[in-house]
Amino acid sequence: AAQQAAAQKASQAKPKAADFDVPYPIAEMMAFSKCRDTEFEIKTKEECQAAAVSLGLPLNGATEPGDMHNAERPYGCYFNQEKRMHMFNPDGHHDLHPEDTIRRSICHRAPTHVMMDKPVCDAPLDRFQIMNAERCERAAKELNKYAQKEAHIINDSLKPNGCYYDVTSIPSLVFNKGGMKDTTKTKMDDPNIKAVCKRAPLFEIVPFPTCWNQTKTNIHVVERCERAARELGLPHTTAQVMNDNTKPYGCYWNREYQALRFNPNGTQERNTTDMNRRAICKRT
């Protein structure tokens, strides 16, 4: 009886993206019915299914997306907030409809890791060294360059520090926790060692007026606010500068007026009831 109960509980467990025979998508749900660019659109029903599960969306018990063939609805994968279900529409449009606040596109997230053609993450300035083996393996899964996704952990002061691929060795994915930290002494012309690095933080719209999560910070200058709006694909990318201590601090999107705001003197108090103003944050 106990085994039967355990089996029943396992069958009712929330599915994970790894349960599906598709590459694990690095997914995000947009504030509108459009992805940042067509390259981030989800183009298969299977990827849509895995993306929705990986985001932990409330799917009313249905993991498979609903079929849609409607040119007046968003292209690809999206979440219908009224029906609480995700849809896949291969015949949809690629245009932005700011007035459509019900359907939110589910898209591939812009990559947060990059593989260099050299052993170190020294340039450009938006490349940073990976400091633990778990992040190294997550980067390898996202990049999907080589078959091996589990890091071989070493402690070798004569080799580069951090996460890299050594294409001459098996296993080829290496995390060196005691490697050479002085990049000026690293053999820069070794074509066989390719550093795996973190990209600089991207921007994100959150469901609340403030960037209160530890992984997100406020935007403090109007130029960055407008850059974030462009990268997020918002319909208006020129911010109205405000000076109102009753409104949210920093950069946010006003859904009612479909407008970008920047308020350097606003409040930073956490407010979970204001669903109209949505903070635009920088990921850390």
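Going by the structure above, here's the rest.
Let me sum up the structure you'll find in this document. In this text the structure is predicted, and so the values were computed from the model without any measurement. (Residues numbered from 1 in each chain as written. Predicted model: local features only at pLDDT ≥ 70, side-chain atom pairs only at ≥ 80, totals over all residues. Heavy atoms only, no water.)

1. Thoughts on the environment of Pro-235
Following the sequence through the fold, Pro-235 ends up in the loop between helix 4 (222–232) and strand 14 (240–241). For Pro-235, a relative accessible area of 28% gives the class partly exposed. When the C-alpha atoms of Pro-235 and Phe-32 are compared, they prove to be 9.5 Å apart, with 203 residues separating the residues in sequence. (Helix = DSSP H or I, 4+ residues; strand = E, 2+ residues; numbered from the N terminus. Buried < 20%, exposed > 50% of the residue type's maximum accessible area, 1.4 Å probe, protein only.)

2. Some remarks on the state of the cysteines
Applying the stated criterion across every chain, the model contains six disulfides. Residue pairing for Cys-121: its cysteine sulfur links by disulfide to Cys-197, the two sulfurs lying 2.0 Å apart. Handedness here is read from the sign of the S-S torsion; for Cys-121 and Cys-197, about -90°, the answer is left-handed. In this pair, Cys-121 is assigned in the loop between strand 6 (113–115) and strand 7 (127–129) and Cys-197 in strand 11 (residues 193–199), connecting sequence segments 76 residues apart. Judged by relative accessible area, Cys-121 falls into the buried class, the value being 18%. Each disulfide pairs two cysteine sulfurs, and for Cys-211 the partner residue is Cys-281, the sulfurs being separated by 2.0 Å. On the sign convention where negative is left-handed, the bridge of Cys-211 and Cys-281, at about -95° about the S-S bond, is left-handed. (Disulfide = S-S within 2.5 Å.)

3. Regarding the sheet that holds strand 3 (residues 76–80)
A sheet is described by the order of its strands in space; here five strands give the open sequence 1-5-3-4-2, paired in mixed fashion. Strands with a single pairing partner mark the edges of an open sheet, and in this sheet they are strand 1 (27–29) and strand 2 (66–67). The sheet contacts of helix 2 (residues 45–54) involve strand 1, strand 2, strand 3, strand 4 (85–89) and strand 5 (103–108), and relative to strand 4 the element is tilted by about 155°. (Pairing = 2+ DSSP bridges. Contact = heavy atoms within 4.5 Å. Axes fitted to C-alpha atoms, helices over the stretch in contact; angles between N-to-C directions.)

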